[in-house]
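Spelled out from the first residue to the last, the chains are:
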Amino acid sequence: MPHCYIALGSNQADPVAQVTRALTALAALPQTRLLDHSSLYRSAPLGPQDQPAFINAVALLETELEPESLLDALQDIELQAGRVRKAERWGPRVLDLDILLYGDTQIDTPRLQVPHYHMHARSFVLYPLAELTADLIMPDGTPLQFLLQRCPDAGLERLCG
Ligand SMILES: CC1(C)Nc2nc(N)[nH]c(=O)c2N=C1O
């Protein structure tokens, strides 16, 4: 059964609570088990700076849901959290759930790109991912450690507890 890594992000409406509640929602998905999750991390927004800091984390799921069904389920969780789908691009968001990896599958459809298109250069994704699986190898054979070496941790702050 494929191991799926999900990126969580929020910078609105009590981001720590949003990410924590989203982890609980992931654990409750049908045909799915939440195997592990990273610490929460605070970081300055990538993109427009006139918005609050983000809280990010990565979760490791095992699921029988197909990729598109998993995406539907993640979008439901985002909507339940109050995400406005047509919100400004790169603007503040109540909750972002992105499929980073779905086993070794590589997907490129209008709805879904896996591995997640931007993950290779985002410290707020790579560092939590490495906390979960330091020896991860990307579907294209690139070791996560190689991506980490090229991605400065740009003021990433791990929240303890
Ligand atoms: C607006 C944009 C690009 N910036 C981000 N910046 C940070 N630090 N974390 C995010 O999750 C995040 N998500 C985004 O979508």
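Residues numbered from 1 in each chain as written. Predicted model: local features only at pLDDT ≥ 70, side-chain atom pairs only at ≥ 80, totals over all residues. Heavy atoms only, no water.

### Some words on the overall build of the protein chain
Tallying secondary structure elements over the protein chain gives 4 helices and 8 strands in all. Going from the N terminus to the C terminus, the protein chain shows its helices and strands as β-α-β-β-β-α-β-β-β-α-α-β. Taken over C-alpha atoms, the radius of gyration comes to 15 Å for the protein chain, in line with the 15 Å a tight globule of 161 residues would show. Along the first, second and third principal axes, the C-alpha atoms of the protein chain reach 40 × 35 × 35 Å. Counting contacts in the protein chain only where the partners sit at least 6 residues apart, residues at least 24 apart contribute 68% of the total. Carbon and sulfur atoms form 53% of the exposed surface of the protein chain, whose accessible area is close to 8200 Å². Here the protein chain contributes 12 positive and 20 negative side-chain charges, whose respective centroids are spaced 6 Å apart. (Helix = DSSP H or I, 4+ residues; strand = E, 2+ residues; numbered from the N terminus. Rg over C-alpha atoms; globule rule 2.2 N^0.38 Å. Contact = heavy atoms within 4.5 Å. Areas by Shrake-Rupley, 256 points an atom, 1.4 Å probe, with all protein chains shown as cover. Lys, Arg positive; Asp, Glu negative; His and termini not counted. Charge placed at Lys NZ, Arg CZ, Asp CG, Glu CD.)

### Details of the pattern of salt bridges
Scanning the model with the defined rule gives 7 salt bridges in all. The shortest N-O distance in the salt bridge between glutamate 64 and arginine 33 comes to 3.3 Å. Placement of glutamate 64 in the loop between strand S4 (54–63) and helix H2 (67–80) and of arginine 33 in strand S2 (residues 32–37) is noted, with a sequence separation of 31 residues between them. Residue glutamate 64 is classed as partly exposed on the basis of its relative accessible area, which comes to 39%. (Salt bridge = Lys/Arg side-chain N within 4 Å of Asp/Glu carboxyl O. Buried < 20%, exposed > 50% of the residue type's maximum accessible area, 1.4 Å probe, protein only.)

Any functional reading would require information beyond the geometric quantities listed.
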